[in-house]
Amino acid sequence: MSDVVERTLTALPSLLSSDPSPGRPSSTSKLGTLIRGITELTSKHDEEKLIQRELVSIKEQVSSPNTTMRQMKELMVRAVYCEMLGYEASFSYIHAIKLAQQGTALDKRVGYLAVSLFLNESHELLLLLVNTVLKDLQSTNLIEVCMALTVVGQVFPKDMIPAILPMVEEKLNHPKEIIRRKAVLALYKFYLIAPNQVQHIHSKFRKALCDKDPGVMSASLHIYLEMVTEKPESYKDLVVSFVTILKQVVGGKLPIDFNYHSVPAPWLQIQLLRILSLLGKNDRSTSEMMYEVLDESLRRAEMNHNITYAILFECVKTIYTIHPKAELLEKAAKCIGNFVLSPKINLKYLGLKALTYVVQQDANLALQHQMTIIECLDHSDLIIKRETLELLFRITNGQNVKVIVEKLLEFLRHSKDDYVTIDLGGKVTELAEKYAPDNSWFIRTMNTVFLLVGDQMQPDIPNSFLRLLSEGFESAEEDQQLRLLAVDSYVSLLQEQPARLPQRFLQVISWVLGEYSSVKEGLEPATVLRLLAPLLDLRHCSSETKSWVLAAMTKLSAGPACLSVAQELAERHGGSLDTTLRQKLHELQHLASDAELLRRVLPCSDGLESLEVDSSLSFLDGFVSEALAAGAAPYKPPHQRQEELAQEKALSVEPYGLSLPLSLSSSSIAGRLSPTVLSMSSGLSGNSTELSPKGGALRLEGVTRVWGKEGYLAKAALKPEEAAKTEVPCTLSVLQEGGSAPRTPVVSLPAPAPGPSLQAEREKQQLASCLFVGLGSQGAAGPCLMGKAEPTRHGFRKKVKGQGSSSGAREPSGDSASSSHSPSPLSAQSAMDNLLCSSPLDSGSTPSPADSAPSPADSAPSLADSATSPVDPAPHLPHDLPANNRPCDAQEDLTEDTDTSETVVEGNSVAVVDPYDPESLCLSPHLPEELCGLPRSEFRPLCRDASLVLSACCVRTDHSSLLVVFVSNASDSAARGFALQMTSGDLEVSRVRGGPEEEEEHVEGHSVAVYQYSLVPTRPSVHMELAGRASYQRPDGEPQSTPFSYGLSLPDFIRPLSVSTEEYGRLWLASSNDTKQNLALLSQEPDPLRATLHRLRDRLQLNVVDIIASEGIVACQLLQGPPCLMHCRLNAGCLAVWLRSSLPELPDCLLYHCQRALAQH
Amino acid sequence: MRMRRYYFKEHNFNMKGDLWGLVRLPAPGESWFTPVSERYKRKVIRDMTMMVVGRPARSCNFLQWRDLKIKDRRYASLYFCVGMESEDNELLTLEVLHRYVEMLDKYFGNVCELDLIFNFEKAYYILDEFLMGGEVLETSKIDIGVAIEDADVLQETLEEYMSKPTY
């Protein structure tokens, strides 16, 4: 191949001048002329001029009405070329679409190509394309259909997918396999960009998987890989099929067309292996099904070609991911060995990657290849080096941390890539915090990191470092020593060359000196001040850093010597344009001159007095709700984000637990330290935290217990160690002569080949023994190798972690709810009292889980009743009082109550409600009488501020849905001029009744005003959002306004439609907009169909018109809107439903809620 | 085979070798399978060009750029590069490139740089037939060759082709 290209290259001049062979069109065309013109130019400037000229001429021609489609095609190609060179040709976009629309098949192709190159997915012109695609999909010309499907897979606006989805689905049944294949991939694309749109066609994916054409089948695997990644447990039943397919592929049963370099369908194989690894993870029985085929794949893939290596690599990964089997593991290990030892650099890289992947399960493998790994450390190829470092990072433990960190830092010193620098900086920090053998090493390492990584560093690194210093570890003595060391090293750094230090480091230095320079005896504050003062003169010093410096100086400024420095500074910088700087200087001057004041403002302490912090940040509620109303995404706690992120990186996270970041909500912060985010592990670091200092060995024991039945692991591990032990005496002395060894005690392996390179060889081995120490499977072996049994230190993080867990109750976890809400008998009692005398406002201060909601037992039947017999206004009045009293009877009911009430919430409304919200406690007495017996949703808090609390619930009457808003005024004074405004895109909101004093519109102190709004959906959608704003005047006359939002879901607006079977038949024929889907059946019930339909009736207020044998008909109606009819039939273990309505969106939305209603119990 | 987060790029540059030359005469073909911003595209291409071209001979075919891995394969003066997520199989990606080049070769006869420069749109068609949404659509080179050739002849004969079996 390459020689061909080279040959043509030498012929380049002649080719340029003459037309190439007849089959190859046109370097004489206009495009050819253009390209040749560009080639001949000598400067960028000329090129620009030429292209601009070209674009002007293209523009002229495209907009001329006389241009034929054929010419247009040619023009488009030229426009694309210009655009690719980086010149904008946006005028031609619209013409590209036009060409796609109007041209014949071949012109269309250029048009579609230009569109896919010009426009990105969010470009507004794409909307114009939808129609063309629709038309082409319906075309009888297969080429046109193909092109349409191709462009759909490239760029298609997300919100227009529903328009073409049915058409694409239809193509799944097309007689030509190429069309089916493309349709499957188009659906795959839809799945990627809008997964919920294609949820209902899962059954069709299965059909595609069973397609007789292997091409279509392999295309469907892309979708399955995505779906399995998301939810492996629901596809376990397919394992057998996947295994069978893989067996057939490996066995060469596919048509020969699918061979690639005589390997059968490698792409297909790898796809299947990947799916199998996801399915077999942590699942013994599933894994057992695939052992045989994996073995077969390993055996077959023996040809010496890249593609077989690719398959082998995937096999190895799968074998290490699924439930282990010793025999396969042995083969996989051998495979990795072959990769690592391969002279081919690509294979070596893959081998290292595989090692990194498996090393935490099987550290002995790294031991076996230690010499190769050492060689790779000095490899000339950067990526090999990096992968090796990654590997080392994973095998770090308390014993080899010094050497490994040294290696990482060395790489860091030479790295020019910012991304790498930041990543490695984070890793070094993490290792240092976890495994630091002693204080001075820690400080030294951190200094190097600060110096090398500089200002690009993630901000949490300095923060967590400072936190460590201020909070300390186990013993106060160690803390003091650490601080002393820090102060010492910083003082000497400042004395040398402060100008070269990065900003962040300067900030750290000044903070530490400000806080802890008193630790060092004999260090006068004035000396420190004089050291810090020059920093203010540095030109590159940012004003932020200057503030840190000045803050540090202020803390130190005591005594006459400091005063003089302060005054000196004030003189020098007093004229600075930076007002912050000037202010700080001013403060410094004042405080320096007034020691009494200084002591009062900045009390000198040991830094650990606690400040009370409102960790719930309730004072920000207003801000948050405003931001939410303005469309901001709701806040996710960092660990949740981390998890989501981690789930995407499938490779790195799989076998290891995730390192949860430490608690952010620690309630006490130290001294004057501004608390900020704790260190969050950087990059891949999350994966290594499992290796705790001594855990390195311990964990491996655990692993061997699982795997090492055959004992081969132990044997392999023993070898190097035994060798090392026997050689200890002589090699140690050699090392001492060499003198190049680091200060860690080292041992060496026997030198295999004495020769001229003996010295180098020895160095390597010595390095190896440093790096791989502590990796053996025998727990005791590590310390012995070290020469002395060093007690394993606890990492620096330990303490912080402990704190995190001690404040764990504040974390938004399940147990926090139970701990903070398990009320003392007293509070339960008081809650009861409050309830009985029904004084709602007092109860606001009593955090009791008392009722929050009618218990499900009460609410569900009432819903059902009202649904089936709308005439009868709920005979048993689910008034809240009986429910309220329940918790008072038996305290142990409380936890149970929590769970159940939450399920009710899910059933009825979307938003998650805190069932303990005090405000909702006693609102039910305020519910207008006429609404009392009707089904209603939870009371949900809308917003609150100092004096007013707004809550709301949604009440369903037969002909309307009412939003009842309760405004509780807890303060003494009235809120005047109270007004509520509400808007929604999906709903029509109109006011029904105002508060008690309609004309006055103010809410008296200690009272509750009730507002009612009638809601009518303008169009059905799954969830509807209501945005509102409450405004009023505070007692001091200041206007106050608080935004809020309220989420509603479709069932709030669905009413049963009572029709007879005949009427139903008529309505059915009159409706259109079919939607069909299979729903899950409540199969454990004795009569599944009836049970399922009744569940739907109870949850969604549908009317079950009739049930005949295995079919049922159900009817409902959108509030003040059209009916929706549903026909259900039992079919192969699921419920095949067929919906019809005159509103196209209604069936879809309803189906969604049906699925939800059936999914939850 | 997942390149969906990133892009596929065939890159060709002038043998003058200086930076200006690189920018000036790309017969660039690039396909992005994920929506990314223009700025990001430009940055990736610039950085990637520097990295790929500036590498010493006989080194690894893989490069790391930020969080994406770049695989490149050189055919004479043509560099074909793919960027993909780090979890993907590197060797397989290299083979995707190789297969693509095989297809180009099959279609153009003996493919050379100039074929790609002057017929870049054809190269795109082949790529579209081969990969869809970043995934391998068609692994049989016979099929694609036939599909492209046939699209070049008249429409009627096309329909005839489509109705005959592909295997």
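This structure is a prediction, so every number in the text was calculated from the model and none was measured.

1. Comments concerning the overall build of chain B
A tally of helices and strands in chain B yields seven helices and seven strands. Secondary structure elements of chain B, listed N to C terminal, follow the sequence β-α-β-α-β-β-β-α-α-α-β-β-α-α. Looking at chain B as a whole, 71% of its 167 residues qualify as buried. Within chain B, contacts between residues at least 6 apart in sequence are counted, and of these 53% link residues at least 24 apart. Carbon and sulfur atoms make up 53% of the accessible area of chain B, which totals about 5700 Å².

2. Some details on the overall build of chain A
The helix and strand tally for chain A stands at 50 helices and 16 strands. A buried classification covers 54% of the 1161 residues belonging to chain A. Relative to all contacts within chain A whose residues are 6 or more apart in sequence, the contacts with residues 24 or more apart total 68%. Summed over its atoms, the accessible surface of chain A is roughly 50900 Å², and 54% of this surface lies on carbon and sulfur atoms.

3. Examining a nonpolar patch on the surface
Residues and elements named next belong to chain A. On the surface, Leu 617, Phe 619, Leu 620, Phe 623, Val 624 and Leu 628 cluster together into a nonpolar patch covering about 590 Å² of accessible area. Relative to the assigned elements, Leu 620 resides in the loop between helix H33 (595-601) and helix H34 (621-629). Taking the relative accessible area as the measure of exposure, Leu 620 reaches 33% and is therefore partly exposed.

4. With respect to the sheet that holds strand S10 (residues 1039-1049) of chain A
Residues and elements named next belong to chain A. The strand order across the open sheet formed by three strands is S6-S9-S10, and the pairing between neighbours is antiparallel. Edge positions in the open sheet fall to strand S6 (976-983) and S10, since each of these has one partner strand only. Mean inter-strand twist for the sheet, computed between neighbouring axes without regard to direction, equals 20°. In terms of strand pairing, S6 meets strand S9 (residues 1023-1033) through six bridges, oriented antiparallel. Paired with Met 982 across the bridge in S9 is Gly 1028.

5. Let's talk about the environment of Gln 361 of chain A
All names here are of chain A. One can find Gln 361 in the loop between helix H19 (345-358) and helix H20 (363-368). Gln 361 sits in the buried class, given a relative accessible area of 12%. With 40 residues separating them along the chain, Gln 361 and Thr 321 place their C-alpha atoms 9.9 Å apart.

6. Focus: the pattern of salt bridges
All names here are of chain A. Counting across every chain of the model gives 30 salt bridges over all chains. Lys 236 is the salt-bridge partner of Asp 283, the closest N and O atoms lying 3.1 Å from each other. Pair noted here: Asp 283 is in the loop between helix H15 (266-280) and helix H16 (284-300) and Lys 236 is in the loop between helix H13 (214-230) and helix H14 (239-250), with a separation of 47 residues, a long-range link. Relative accessible area serves as the criterion here: at 25%, Lys 236 is assigned to the partly exposed category. Three or more residues joined by partner-sharing salt bridges are found here, namely Arg 386, Glu 390, Arg 394, Asp 423 and Lys 427.

7. Side note on the confidence of the model for chain A
Residue and element names in this part refer to chain A. For chain A, the average pLDDT comes to 71, and 72% of its residues sit at 70 or higher. When the elements of chain A are averaged for pLDDT, helix H40 (residues 781-785) gives the smallest value, 33, and H14 the largest, 91. This stretch, residues 777-921, has a pLDDT under 50; its non-local contacts, to residues over four places away or in other chains, come to 194 contacts. Confidence over residues 995-1000 falls short of pLDDT 50; this stretch has nine contacts with residues more than four positions distant or in other chains.

8. Regarding the packing of aromatic side chains
With the rule as written, the count across this model stands at 14 aromatic pairs over all chains. Plain terms: the ring middles of Phe 156 of chain A and Phe 190 of chain A are 6.5 Å apart, the flat faces sit at 50° to each other, and that makes the pair tilted. Taken together, the positions of Phe 156 of chain A in the loop between helix H9 (142-154) and helix H10 (161-171) and Phe 190 of chain A in helix H11 (residues 177-193) put the pair 34 residues apart, joining distant regions of the chain. We classify Phe 156 of chain A as buried; its relative accessible area is 1%. Geometry around Tyr 125 of chain B places Arg 109 of chain A over its ring, the cationic atom sitting 3.9 Å from the centre. Stacked on the ring of Tyr 357 of chain A, the Lys or Arg Lys 317 of chain A has its end atom at 6.0 Å from the ring centre.

9. Side note on the pairing of strand S4 (residues 948-956) of chain A
Residue and element names in this part refer to chain A. Counting buried residues along S4, nine of its nine residues qualify, which places the element largely inside the surrounding structure. Residues of S4 alternate between two faces, with Leu 948, Leu 950, Ala 952, Cys 954 and Arg 956 on one and Val 949, Ser 951, Cys 953 and Val 955 on the opposite face, all of them buried. In this structure, strand S3 (residues 940-944) lies alongside S4, joined through four bridges in antiparallel fashion. Counterpart to Arg 940 in the pairing with S4 is Ala 952. The antiparallel pairing of S3 with S4 creates a hairpin that spans three residues between the two strands. Taken together, the nine bridges between S4 and strand S5 (residues 961-969) define a ladder with antiparallel strand orientation. In the strand pairing of S5, Leu 950 is matched with Val 967.

10. Regarding H9 of chain A
If you check H9 of chain A, its first and last C-alpha atoms are 18 Å apart, about what 13 residues at 1.5 Å a residue would give, namely 18 Å. Sitting at the amino-terminal end of H9 of chain A is Asn 141 of chain A, which places a side-chain oxygen 2.9 Å from the backbone nitrogen of Ile 143 of chain A.

11. Side note on H10 of chain A
Of the positions making up H10 of chain A, those classed as buried are Ile 161, Ile 164, Leu 165, Met 167, Val 168, Glu 169 and Lys 171 of chain A. Those residues of H10 of chain A hidden inside the fold are in contact with helix H8 (127-138), H9, H11 and helix H12 (202-209) of chain A.

12. What to know about the nonpolar core
Counting residues in each nonpolar core, the largest one holds 262 residues, and the members touching the most others are Leu 187, Phe 242, Tyr 320, Phe 465, Tyr 490, Val 512 and Met 553 of chain A. Leu 1026, Met 1126, Leu 1151 and Cys 1154 of chain A belong to the second largest nonpolar core, which has 57 residues in total.

13. A word on the packing of helix H21 (residues 370-377) of chain A against helix H22 (residues 382-395) of chain A
All names here are of chain A. It is at 8 Å that the axes of H21 and H22 come closest, and there the two elements cross at 130°. Here H22 runs oblique to H21, going by the angle between their axes. Here H21 runs over H22; the crossing is left-handed. Taken together, the residues of H22 that come into contact with H21 (itself represented by Ile 373, Cys 376 and Leu 377) are Ile 384, Lys 385, Thr 388, Leu 389, Leu 391 and Leu 392. A class-by-class count of the residues in the contact of H21 with H22 yields seven nonpolar, one polar and one charged.

14. Considerations on unusual backbone geometry
Residues and elements named next belong to chain A. Positive phi outside glycine occurs at Ala 265, with the angle close to 35°. Within the fold, Ala 265 resides in the loop between strand S2 (263-264) and H15. Here Asn 282, not a glycine, exhibits a phi torsion of approximately 55°, which is positive. Mapped onto the secondary structure, Asn 282 falls in the loop between H15 and H16.

15. What about the environment of Lys 764 of chain A?
All names here are of chain A. Note on placement: Lys 764 falls in helix H39 (residues 758-771). Classification of Lys 764 by relative accessible area gives partly exposed; the value is 25%. In this structure the C-alpha to C-alpha distance between Lys 764 and Met 371, which are 393 residues apart in sequence, comes to 7.5 Å. Excluding anything up to four places from it in sequence, Lys 764 contacts Met 371, Ile 374 and Glu 375.

16. Considerations on the packing of H9 of chain A against H11 of chain A
Residues and elements named next belong to chain A. Packing of H9 against H11 brings their axes to within 8 Å, and their N-to-C directions diverge by 20°. Classified by the angle their axes make, H9 and H11 are roughly parallel. Along this stretch, H9 crosses H11, giving a crossing that reads as left-handed. Between H9 and H11, the contacting residues are Leu 142, Val 145, Cys 146, Leu 149, Thr 150, Val 152, Gly 153 and Gln 154 on the first element and Ile 178, Ile 179, Lys 182, Ala 183, Ala 186, Lys 189 and Phe 190 on the second. Each residue belonging to the contact of H9 with H11 can be placed in one class, and the counts come to ten nonpolar, three polar and two charged.

17. What about the confidence of the model for chain B?
Residue and element names in this part refer to chain B. Residues with a pLDDT of 70 or more make up 47% of chain B, whose mean pLDDT is 63. The least confident element of chain B, judged by mean pLDDT, is helix H1 (residues 19-24) at 31; the most confident is helix H3 (residues 90-108) at 81. Across residues 154-161, where pLDDT falls below 50, the model places 13 contacts with residues more than four positions away in sequence or in other chains. Scoring the predicted complex yields pTM 0.57 and, for the interface, ipTM 0.78.

18. Notes on the state of the cysteines
Considering all chains together, one arrives at zero disulfides over all chains under this definition. Left without a disulfide partner, Cys 1128 of chain A is nearest to the cysteine sulfur of Cys 1154 of chain A, which lies 7.9 Å away.

Analysis parameters
Residues numbered from 1 in each chain as written. Chains lettered and ligands numbered in written order. Predicted model: local features only at pLDDT ≥ 70, side-chain atom pairs only at ≥ 80, totals over all residues. Heavy atoms only, no water. Helix = DSSP H or I, 4+ residues; strand = E, 2+ residues; numbered from the N terminus. Buried < 20%, exposed > 50% of the residue type's maximum accessible area, 1.4 Å probe, protein only. Contact = heavy atoms within 4.5 Å. Areas by Shrake-Rupley, 256 points an atom, 1.4 Å probe, with all protein chains shown as cover. Patch = residues over 30% accessible without salt bridge, like charges linked within 9 Å, V, L, I, M, F, W, Y side chains within 5 Å. Salt bridge = Lys/Arg side-chain N within 4 Å of Asp/Glu carboxyl O. Pairing = 2+ DSSP bridges. Axes fitted to C-alpha atoms, helices over the stretch in contact; angles between N-to-C directions. pLDDT = per-residue confidence, 0-100. Phe/Tyr/Trp six-rings, centres within 6.5 Å; stacked < 30°, edge-to-face > 60°. Lys NZ or Arg CZ within 6 Å of the ring centre and 35° of its normal. Expected span 1.5 Å × (residues − 1). Polar contact = N/O pair within 3.5 Å; in protein donor to acceptor, adjacent residues only side chain to side chain. Core = buried A, V, L, I, M, F, W, Y, C linked by side-chain atoms within 4.5 Å. Parallel < 35°, antiparallel > 145°, perpendicular 65-115°, else oblique. Left-handed = near helix turned anticlockwise from the far one by under 90°. Nonpolar A, V, L, I, M, F, W, Y, C, P; charged D, E, K, R; others polar. Disulfide = S-S within 2.5 Å.

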